[in-house]
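Fold and geometry: a report
Here are the chains, one letter per residue:
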Amino acid sequence: MEIAYYPGCTLHASSRLYDAQTKLVLGEMGITLNELEDWNCCGATSASKTNDFLAVAMPARNLGIVEDSGLSELVIPCSACYSRMLVAQHRLASNNTLKDEINAELSKKVKGDIRIMSILEVLVPKVESGELAEKAAKLLKGLKPACYYGCLQTRFPYNVPVPDDVENPQGMEIVLKALGAKPLDWSYKTDCCGASATVNDTDTALRLMSKIFEDAIARGANCFVTTCPMCQLNLDAYQKQMSQKYDIGRSMPVYFITELIGVAMGKSPEELQIDRHFADAIGLLKELELI
Amino acid sequence: MAGPVLEFKPEDTQAVVDEVMARSGQNITACYQCRRCAAGCPVGEETGYVTPDRLIRMILLGDREQALSNELVWKCVSCYTCGTRCPNEIQTAKITETLKYMSKEEHLDPLLPKVAAFHKSFCTAANHLGRLNEIEFMGLYEMKNTFRNLIRFKFKEIYNETMAQAKLGMMMTKKKRMHFGIEKVKHLSDLKRLLKKAKRSGPLTESDKSRST
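In this text the structure is predicted, and so the values were computed from the model without any measurement.

Below, the discussion takes up helix α10 (residues 155-174) of chain B. Taking 1.5 Å per residue, 20 residues should reach 28 Å; α10 of chain B reaches 28 Å between its end C-alpha atoms and fits that length. Those residues of α10 of chain B not exposed but buried are Ile158, Glu161, Gln165, Leu168, Gly169 and Met172 of chain B. The buried residues of α10 of chain B all sit within an arc of 110 degrees when viewed along its axis, so they share a single face. Exposed and facing more than 90 degrees away from the buried side of α10 of chain B are Lys156, Tyr159, Lys167, Met170 and Lys174 of chain B. Looking at the buried residues of α10 of chain B, the elements they touch are α10 (197-200) and α12 (229-237) of chain A together with α8 (113-129) and α9 (134-150) of chain B. One or two residues past the end of α10 of chain B sits Lys176 of chain B, with phi positive at roughly 55 degrees.

Here it is, written out as structure tokens:
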């Protein structure tokens, strides 16, 4: 099975571990990821807050590249990139003038007919077919993750089809249950972590993160799991600062979903680059004898 | 929290309502003030009396000045909770985005200059090489902040900001999350042309609905 793959800037920079894990884990399940040739930045939320035309034009170039490659399915692990591409494809379909204006400048024209998938849309069918469980070398016993989806995995500014429940998504829970973990029900799974506010409006972001932590801890979670590199970096890198300000009193590892799948597949912490976390992520896995 | 009394200015109203509706693509006249948006807004605690429903009311009453510059426009994190829960499908995050463009076009000082500097720097850096270089982006952003503080003699803020970013940078380097390599798009010409068009294109409206809904 061959799928087009858009890593996006973050997976080639601060969240390189997510890129490595995604390739490793999906590769193990027989999926070949074909990275887009000469892809560009999707513009993230900044483009839509600066210039509306750019917010569609930047993802459009990438969509043209996928279509030109002949592949019909594209996987995007980063929630922000996923959201932007999905929205761009929708807006191109609903505005022919805009589409013509953009296509006039593109060397690889965009038609807008590919299937754009988040990493969960690739993983969940593998649970249903039993392929994921087959590849698991061990069960994630003792792991009680709070699955954190954030904003961009299920909420969109336009009417695009959402493949999961908007307010109570279950994709990560389905994957983790199949691997023997006990994901918890909790209230803040789709609440905002502050996104770029951690940098430009830190106090607001820290307050939002404190609510997420307080609820997850009150429910008895021993770690967070996420698919979004922005949420991961925020909850991880700003965790200490937030804990001190809001007196949280304990540290929580923030894993990528691919990291835990990798552990279940028996991959080593080195292969999965688990040492690249701010809040200790190795200790819990050792304590539960998972690595 | 009670806010100031909103004043209805019929002569100003139609123009601002039309402009916001056309540019954001949101039918704000459908708002019946049920306030589900306000209940779900994660930054609602920090935006004073301005909640999504009240922002809509401000526009409907033609209060252009307040609508263009208030805490919600600049604190909105684009989480899309308000729009997802709105029974009339009004996506207020598209309205706060639109009001940001409008306030920029009118050369108003952004209420939260760091937010404006952040998004501008991101777009500049992303379009420079085609892929975002995190160091270039943060460098640009901090240069803008430093310059703004410098001309206002806010030296303590420069110090605090620089120390906070240096600390984060060091921590990221230590955890191998910082990457010093430079990635560049090979065929940048498409992007450069699109960028030029974006700057020229002026207000983008959502009026060409090729779809029926």
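Here we take up the domain arrangement of chain A. Residues and elements named next belong to chain A. Domain annotation of chain A identifies domain 1 (2-118) and domain 2 (136-287). In this assembly, 25 residues from domain 1 lie in contact with 24 residues from domain 2. Carbon and sulfur atoms make up 68% of the area that domain 1 and domain 2 hide from each other, which totals about 2,300 Å². Of all residues in domain 1, Leu17, Tyr18 and Gln21 give up the largest surface area on contact with domain 2, accounting jointly for 24% of the area buried on that side. Our count for the contact surface shared by domain 1 and domain 2 stands at 1 salt bridge. Between Lys267 and Glu28 there is a salt bridge, with its nearest N and O atoms 3.0 Å apart. Where domain 1 packs against domain 2, one counts 8 residue pairs in polar contact (both at pLDDT 80 or more). Among the secondary structure elements, those contributing two or more residues to the side of domain 1 that touches domain 2 are α1 (8-11), α2 (16-28) and α5 (79-94). By residue number, the principal contributor to the side of domain 1 that touches domain 2 is α2, which donates 9 residues. Grouping the constituent residues of the side of domain 1 that touches domain 2 by class yields 13 nonpolar, 9 polar and 3 charged.

This paragraph deals with the nonpolar core. Residues Leu74, Ile102, Leu140 and Phe224 of chain A together with Ile59 and Leu99 of chain B are the most contacted members of the largest nonpolar core, which totals 162 residues. Counting contributing residues per domain, this core is built from domain 1 (2-118) and domain 2 (136-287) of chain A, each supplying no fewer than three. Excluding anything up to four places from it in sequence, Phe224 of chain A contacts Ala146, Tyr148, Trp186, Ile212, Phe213, Ala216, Leu235, Met252, Pro253, Val254 and Tyr255 of chain A.

Cut-offs and rules
Residues numbered from 1 in each chain as written. Chains lettered and ligands numbered in written order. Predicted model: local features only at pLDDT ≥ 70, side-chain atom pairs only at ≥ 80, totals over all residues. Heavy atoms only, no water. Helix = DSSP H or I, 4+ residues; strand = E, 2+ residues; numbered from the N terminus. Expected span 1.5 Å × (residues − 1). Buried < 20%, exposed > 50% of the residue type's maximum accessible area, 1.4 Å probe, protein only. Arc of directions from axis to C-beta. Contact = heavy atoms within 4.5 Å. Domains from an automatic or database assignment. Buried area = accessible area lost by both parts, 1.4 Å probe. Salt bridge = Lys/Arg side-chain N within 4 Å of Asp/Glu carboxyl O. Polar contact = N/O pair within 3.5 Å; in protein donor to acceptor, adjacent residues only side chain to side chain. Nonpolar A, V, L, I, M, F, W, Y, C, P; charged D, E, K, R; others polar. Core = buried A, V, L, I, M, F, W, Y, C linked by side-chain atoms within 4.5 Å.

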